[in-house]
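Here's the letter readout for the chains.
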Amino acid sequence: MSKQFDVVVIGGGPGGYIAAIRAAQLGFNTACIDEWKNAAGGPAPGGTCTNVGCIPSKALLQSSEHFEHANHHFADHGISTGKVSMDVAKMVARKDNVVKQNNDGILYLFKKNKVSFFHGRGSFVAAKDGLYEIKVAGAAEEVISAKHVIVATGSNARQLPGAAFDEENILSNDGALRIGAVPKKLGVIGSGVIGLEMGSVWRRLGAEVTVLEGMPAFLAAVDDGVAKEALKQFTKQGLKIELGVKIAEVKSGKKGVTVSYANAKGEAQELAVDKLIVSIGRVPNTIGLNVEAVGLALDERGAIVVDGDCKTNLPNVWAVGDVVRGPMLAHKAEEEGVAVAERIAGQHGHVNFNTIPWVIYTSPEIAWVGRTEQQLKADGVAYKAGQFPFLANGRARALGDTTGFVKILADAKSDEILGVHIIGPMASELISEAVMAMEFKASAEDIARICHAHPSLSESTKEAALAVDKRTLNF
Ligand code: FAD
């Protein structure tokens, strides 16, 4: 007799493990299957995000930022350190330890919430008598069954044709987080979030970093004003960014990698680097899931087809996170996981796609929610814009980081906030106020009239709201 569950979740990343915990909280007998292995072969739940994504990248960004501060900014505070050096192995070991703490935390949460955890690969076997049979292939093999299945199998890094990842010279996000020594020259193909974050880490540690981007515009999805400021700042920091390139060939050898490409003018160029990070997007992952056994529908990109409620084409089979449509973000996956568990319980789980925040954890940080100025123009929406520079914020001056600004876009008539765009210190934290405001359909005037602590960076958000009505007080 196979073990039977109310809900089985396949995949233990942010979408899957959160869905499993919420389902268990709602009283369902729940299992979560995840195949990720740590270095010792043991379980490492948390998915891409915890193991080779959000968490380790932020750990390295933090270490490299400390290094940069010690090298370039401590002196302004009267602190002299002498020559600062970086022990890369120790930095990477610290990062690994941060990851482990998160893995262990998830295993603890499973226990606390009575979620049964299976370490191994889950695949569909059959649908029988209103139940789905799922094989778990781990140290041993067993078949479990469930009334509801939530698929949260995430995504994998997209390979560049003709330049397969070897994680030695040609690196995905995985290899980029494990580089053992600072490369003299580092190439990055793709100037998206991952490319810029990884490029920043190694640039701060002393690598000469060149970013090659196929699109003619830098950060095309970001508000134009923010993208322009970001390009200026990154270039000033020493990142070489070439836009509108066309990659012709990537050759990897003992001495490193050579990338042949045409620049924006069509001229043939060559870039020789020690390591190359390829960050050109991610593809939904259903490898080994055996979707054919039950007829689970995929789209042309390989994503599981779902409706707005994350329902697939099969009764009681749901899918969330990177393996379905929508932004590939951990918090989007989590929100979908919670909503699905609540829908299974007959509740009205809801994800508001209009208020999902985006963050790029470079320095300066970039964060936004809602529509950009260029989108509002294209949609023909009449809007008012208010902008406030961190240069005029007392806390930013005290921090010694006055780069960037907060920009608020509000409906010209109703004053409802339509988008908030931040580039500058702690943008990742500041954006939450904007998300909350938009979730509650606040007007710019609402933020302008809320008392913000002084001195705080968040006063810049209030001032940007005042600027929407042309009445900033500090600028
Ligand atoms: P995943 O996290 O990919 O988890 C899927 C899990 O399912 C994995 O553990 C996998 O091993 C397992 N699995 C797959 N198939 C099976 C199977 N058949 N059986 C058992 N287990 C299976 N997002 C942010 O919001 N903020 C960030 O700062 C951020 N930084 C990132 C930095 C990098 C370098 C990268 C690569 C990504 C980053 N992301 C970030 C994106 C984020 O990691 C993903 O959006 C998020 O992990 C998606 O969650 P998920 O649960 O859908 O899938």
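Here, residues in each chain are numbered from 1, in the same order as that chain's written sequence. Selection of residues for local features in this predicted model requires a pLDDT of at least 70, selection of side-chain atom pairs for listing and counting requires 80 or more, and totals for whole chains, interfaces and linings are taken over all residues.

Quick look at the packing of helix α3 (residues 54–72) against helix α6 (residues 193–204)
The relative placement of two packed helices is expressed as an angle between their axes plus a distance between the axes. Formally: Axes, fitted as lines to C-alpha atoms, cover a helix only where it is in contact. Angles between the N-to-C directions of the axes lie from 0 to 180 degrees. To qualify as a helix, a DSSP run of H or I must reach at least 4 residues; to qualify as a strand, a run of E must reach at least 2; elements of each kind are numbered from the N terminus. Crossings are sorted by hand: turned counterclockwise from the far helix by less than a right angle, the near helix makes the crossing left-handed, and turned clockwise it makes it right-handed. Any two residues are considered in contact once their C-beta atoms, placed from the backbone, lie within 7 Å. Ten residues, namely Ala, Val, Leu, Ile, Met, Phe, Trp, Tyr, Cys and Pro, are considered nonpolar, four, namely Asp, Glu, Lys and Arg, are considered charged, and the remaining ones, Gly among them, are considered polar.
Here α3 crosses α6 at 35 degrees, and the two axes come no closer than 9 Å. Here α3 runs over α6; the crossing is left-handed. Across the interface between the two elements, Ser-57, Leu-60, Leu-61, Ser-64, Glu-65, Phe-67 and Glu-68 of α3 pack against Glu-197, Met-198, Ser-200, Val-201 and Arg-204 of α6. Along the lines of polarity and charge, the residues of the contact of α3 with α6 split into five nonpolar, three polar and four charged.

Here's the deal with the sheet that holds strand β20 (residues 405–411)
To be explicit about the condition: Pairing between strands requires that DSSP locate at least two bridges from one strand to the other.
The antiparallel open sheet is built from five strands, whose spatial order is β17-β18-β21-β20-β19. On the outer flanks of this sheet lie β17 (358–360) and β19 (383–389), each paired with one strand and no other. Here the strands of the sheet are splayed against their neighbours by 10 degrees on average, with no regard to which way each runs. Bridge count for β17 against strand β18 (residues 365–370) is three bridges, and the pairing is antiparallel. Directly across from Ile-360, in β18, lies its bridge partner Ile-366. Relative to the sheet, helix α7 (residues 224–237) contacts β18, β20 and β21 (417–424), its axis offset from that of β21 by approximately 5 degrees.

Considering the site of the ligand
Worth spelling out the cut-off: Any residue qualifies as near a molecule or strand once its backbone-derived C-beta atom lies within 6 Å of it.
The full set close to the ligand counts 38 residues, and Gly-11, Gly-13, Gly-47, Gly-154 and Gly-321 are the nearest of them. A breakdown of the residues in the shell around the ligand according to their chemical character gives 15 nonpolar, 19 polar and four charged.

A closer look at the pairing of strand β1 (residues 4–10)
The side chains of a regular strand alternate, residue by residue, between the two faces of the sheet. What counts here: Residue burial is a threshold on neighbouring C-beta atoms within 10 Å of the residue's own C-beta, all placed from the backbone, with 20 or more meaning buried, 12 or fewer meaning exposed, and counts in between meaning partly exposed. With the strands pointing away from the viewer, any crossover whose connection runs clockwise from the first strand over the helix to the second is right-handed.
With five of seven residues buried, β1 lies mostly within the body of the structure. Sheet topology places β1 next to strand β5 (residues 141–151); six bridges connect them, and they run parallel. Bridge assignment links Val-7 to a residue of β5, and that residue is His-148. By the bridge criterion, four bridges tie β1 to strand β2 (residues 30–34) in an arrangement that is parallel. Paired with Val-8 across the two strands is Ala-31, which belongs to β2. On the question of chirality, the crossover connecting β1 to the parallel β2 by way of helix α1 (residues 14–25) is right-handed.

Some details on the UniProt feature "domain: FAD/NAD(P)-binding" (unreviewed entry) in the chain
Note the following rule: UniProt positions are given in the numbering used here, feature names are shortened, and annotations may be inferred rather than shown by experiment.
Within this structure's numbering, the places UniProt gives as "domain: FAD/NAD(P)-binding" (unreviewed entry) are residues 5–337. Note that residues 5–337 is 30% helix and 28% strand, and that its end C-alpha atoms are spaced 17 Å apart.

Remarks on the pairing of strand β9 (residues 208–212)
As paired elements, strand β8 (residues 185–189) and β9 share five bridges and run parallel to each other. Note on β9: the bridge partner recorded for Val-188 is Val-211. On the question of chirality, the crossover connecting β8 to the parallel β9 by way of α6 is right-handed. For β9 and strand β10 (residues 240–242), the ladder comprises three bridges, and the chain directions are parallel. Within the sheet, the bridge partner assigned to Leu-212 lies in β10 and is Glu-242. Note that the unit made of β9, α7 and β10 has a crossover that is right-handed.

Structural notes on the UniProt feature "domain: Pyridine nucleotide-disulphide oxidoreductase dimerisation" (unreviewed entry) in the chain
This chain's UniProt record puts "domain: Pyridine nucleotide-disulphide oxidoreductase dimerisation" (unreviewed entry) on residues 356–465. Taken as a whole, residues 356–465 contains 34% helix and 28% strand, while its terminal C-alpha atoms sit 20 Å from one another.

A look at the sheet that holds strand β11 (residues 246–253)
The strand order across the open sheet built from three strands is β11-β12-β13, with neighbouring strands paired in antiparallel fashion. Each end of this open sheet is capped by a strand with a single partner; those strands are β11 and β13 (268–273). Pairs of neighbouring strands in the sheet enclose a mean axial angle of 15 degrees, with direction left out of account. Where β11 and strand β12 (residues 256–262) come together, seven bridges link them in antiparallel fashion.

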